[in-house]
Amino acid sequence: MMLTSRNTRGLVVLTLLAGALMPTPAARAAARTETVVAGGSPITSVVETEVAVRIPLPASAGPRPSGCDWLRYLRYRDRGGPVRSEQADRILIAQPGILEGAGAFDSVARNTVADAARRGSHIEFWALDRRSNCLEDRTGIRAGLAAGDVRVALDYYYHGRAVGDRRFAGFLDDSRVGWLARVGLEQTVRDEYDLLVAELPDQATRERKVHCGGHSLGGVITGYFAVWDFDGDRRTTADAGYRQCAGYFALDTTISTSLADLSGATPDGMLPDVGLGYALVKAGLESGVLPRTVSASALINAETMNLLAIAGLAARTDPDGETLQPALPSNPTIDTTQRILFSKDFQTFLTGTPSARDFRMTNAAVLGSLLDDNSQPLSFMAASAGFFDGGRIADKDFPVPADLTRDPALGPVAGLLGDRPLGIPDEPDGPLYTWRNYDRIGAPDDPAYRTSDGELFSTPAEEVTDLAELARSFAEHPLDFTEQYFPTRLVTDIQLHTAPEITRFVAHPRGLTANPVITLLAGNGLLAGRTLPPEHNVLVAPGYEHLDVLTAAPVQHGGRPEIVSTALARFAVAS
């Protein structure tokens, strides 16, 4: 094995060429790099690195960028623990949810590793990126972070300014991502398997030390991983997914092979009609007749996902400044998204007056308005990170009146939109709106904003995520918090799970119950109010939203420890 080291802009790059140790054809050709991620997390006892392993896609995938032949993950480990992964006490490997990337796991990963270390155990947390994340261009975010100025990023993405010798090539349309039509469930679980084999060649070590899990859709992907047959021979089990894991963990999801629990995870119309059948859907995706990525004209597409990173950058580098909102370009995607998020009622949406640009907001307040559960209407994209401050607040009755979102008769629509009261700044061209962080809700100087019905918009029991750490998670990682080009094929494969093309791999159904499991649910999340069987080993985090199970701060109101990471650490150490 050859080891080289170099220092680039404060980052240490370790390159390991270990082909002789790899047992599979794909892994034998693998090159490996590991880069220390320099960041500003207050949890300094945890080391974060970006790991990349070259495991090429099959030739049948078609033309794609060379970077897409690498699998990447963020590795978190205790600074006082072993350097080699196989010597760790446990390894948690996490599949992201829909539209998520590895960076989304930053807080829960750090908190879990640190809590386990306090218990005397050295564990690792591996946050996976899927293949499609290779299409993202983080150059502008990195340059803006280095300069401490969000305008550097905006110049790169919107004004044709180069960073070094690189210029932004634009957000990709369907015609430029044809290979994603062939990246479905089979390739996704195969990628996790090949990565585990490459990084931990000994199957007995994997079966003894690795805990497999995920967030949201990642729980369903983990369920399929558990039952999958990877060598094409049902009679053998050493290759079976469940035998790569010592346990399972589910973060506001279940370890299952059903999308039923996540039915509210995407708005209607974003996925193809699977009534067409497997062969027709596959042909439609490969020909481009059906969209190859999960996307909409506003709110959810590559540009708006990147906009979240830009907002995180602004809130990270200058939280109290007003640099982002005035500098944002005007285009149909941004203007429509802002119109949806900042319209207090249908009339405001129709007229466009007042617009988001008519309000003065700090960079922190802009990020909060995009992601907080009291302003973001899509519950699966919301966290509980505090509330606005500094000016009058009005009820937000758009896109759906608040009283309707709490009507149980709406079923999946209510789950999609959540049941938190939504508020919005109500003084255009007026005061500077700031952001009151999660731990200052209920403080003596809290204005205690109320809805028109007299209900508090926010209470201490319902606020758990530190906005500053949320901003850092969006801005500081080489692997994004979001997934800009989520492949439609992955979801349609799961929807069409009874097709022979899928069932031929589902050879070990007992794998779902073969290992211990912990299910950590958000009290206001996708599965709120549902009763799961005892074997799911459920713990509910009260007041948490869907993203909070990933982003909650290590110290909660009253000095309480964070419930999800402490429970996950206990489970990892004990099982």
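Residues numbered from 1 in each chain as written. Predicted model: local features only at pLDDT ≥ 70, side-chain atom pairs only at ≥ 80, totals over all residues. Heavy atoms only, no water.

Would you mind going over the state of the cysteines in detail, with residue names and values included?
By the definition in use, this model includes two disulfides. The disulfide bridge from Cys 68 ends at Cys 134, spanning 1.9 Å between sulfur atoms. The sign of the 90° torsion about the S-S bond sets the Cys 68-Cys 134 disulfide as right-handed. With a gap of 66 residues between them, Cys 68 in the loop between β4 (46–54) and β5 (70–78) and Cys 134 in the loop between β7 (123–128) and α3 (139–147) connect regions that are remote in the sequence. On the accessibility criterion, Cys 134 (24% relative accessible area) is partly exposed. Here Cys 212 is linked by a disulfide to Cys 245, with a sulfur-sulfur distance of 2.1 Å. Across the S-S bond of Cys 212 and Cys 245 the torsion is about -90°, and the bridge reads as left-handed. (Disulfide = S-S within 2.5 Å. Helix = DSSP H or I, 4+ residues; strand = E, 2+ residues; numbered from the N terminus. Buried < 20%, exposed > 50% of the residue type's maximum accessible area, 1.4 Å probe, protein only.)

Give me the lowdown on helix α16 (residues 467–475), citing residues and values where you can.
Along an α-helix, residues three or four positions apart point the same way, because every turn accommodates 3.6 residues. Taken across its nine residues, α16 has eight buried, putting it largely inside the fold. Taken residue by residue, α16 has Leu 467, Glu 469, Leu 470, Ala 471, Arg 472, Ser 473, Phe 474 and Ala 475 as its buried positions. In the core, the buried residues of α16 are packed alongside α2 (106–118), α3, α9 (302–317), α13 (363–371), β14 (432–437) and α19 (548–551). (Contact = heavy atoms within 4.5 Å.)

Any chance you could break down the packing of α9 against α13 for me, citing the residues and the numbers?
For the pair α9 and α13, the least separation of the axes is 8 Å and the interaxial angle reads 145°. For the element pair α9 and α13, the recorded crossing hand is left-handed. Here Leu 308, Ala 311, Gly 312, Ala 314 and Ala 315 of α9 lie close against α13, whose contacting residues are Asn 363, Ala 364, Leu 367, Leu 370 and Leu 371. Partitioning the contact of α9 with α13 into residue classes produces eight nonpolar, two polar and no charged. (Axes fitted to C-alpha atoms, helices over the stretch in contact; angles between N-to-C directions. Left-handed = near helix turned anticlockwise from the far one by under 90°. Nonpolar A, V, L, I, M, F, W, Y, C, P; charged D, E, K, R; others polar.)

Which residues make up the packing of aromatic side chains, and what values do they have?
Each pair of aromatic rings is reported with the distance of its centres and the angle of its planes. Taken as a whole, this structure holds 19 aromatic pairs when the rule is applied. Here the aromatic rings of Tyr 193 and Phe 230 are separated by 4.3 Å at their centres, their planes lie at 5°, and the arrangement is stacked. Note that Tyr 193 is positioned in helix α5 (residues 185–199) and Phe 230 in the loop between α7 (217–227) and β9 (247–251), a separation of 37 residues in sequence. Overall, the relative accessible area of 5% leaves Phe 230 in the buried class. Seen in terms of ring centroids, Phe 349 and Phe 398 are 4.6 Å apart; in terms of plane orientation they differ by 20°. Their pairing is stacked. Here Phe 349 is found in helix α12 (residues 346–351), whereas its partner Phe 398 is found in the loop between β12 (393–395) and α14 (402–405), with 49 residues between them in sequence. (Phe/Tyr/Trp six-rings, centres within 6.5 Å; stacked < 30°, edge-to-face > 60°.)

Outline the sheet that holds β14, supporting the account with residue identities and numerical values.
What the three strands build is an open sheet, ordered β10-β14-β11; its pairing is mixed. Only two strands of the sheet have a single neighbouring strand rather than two, namely β10 (360–361) and β11 (386–389). Here two bridges tie β10 to β14, and the two strands are oriented parallel to one another. Within β14, the position partnered with Met 361 by the bridge is Tyr 433. (Pairing = 2+ DSSP bridges.)

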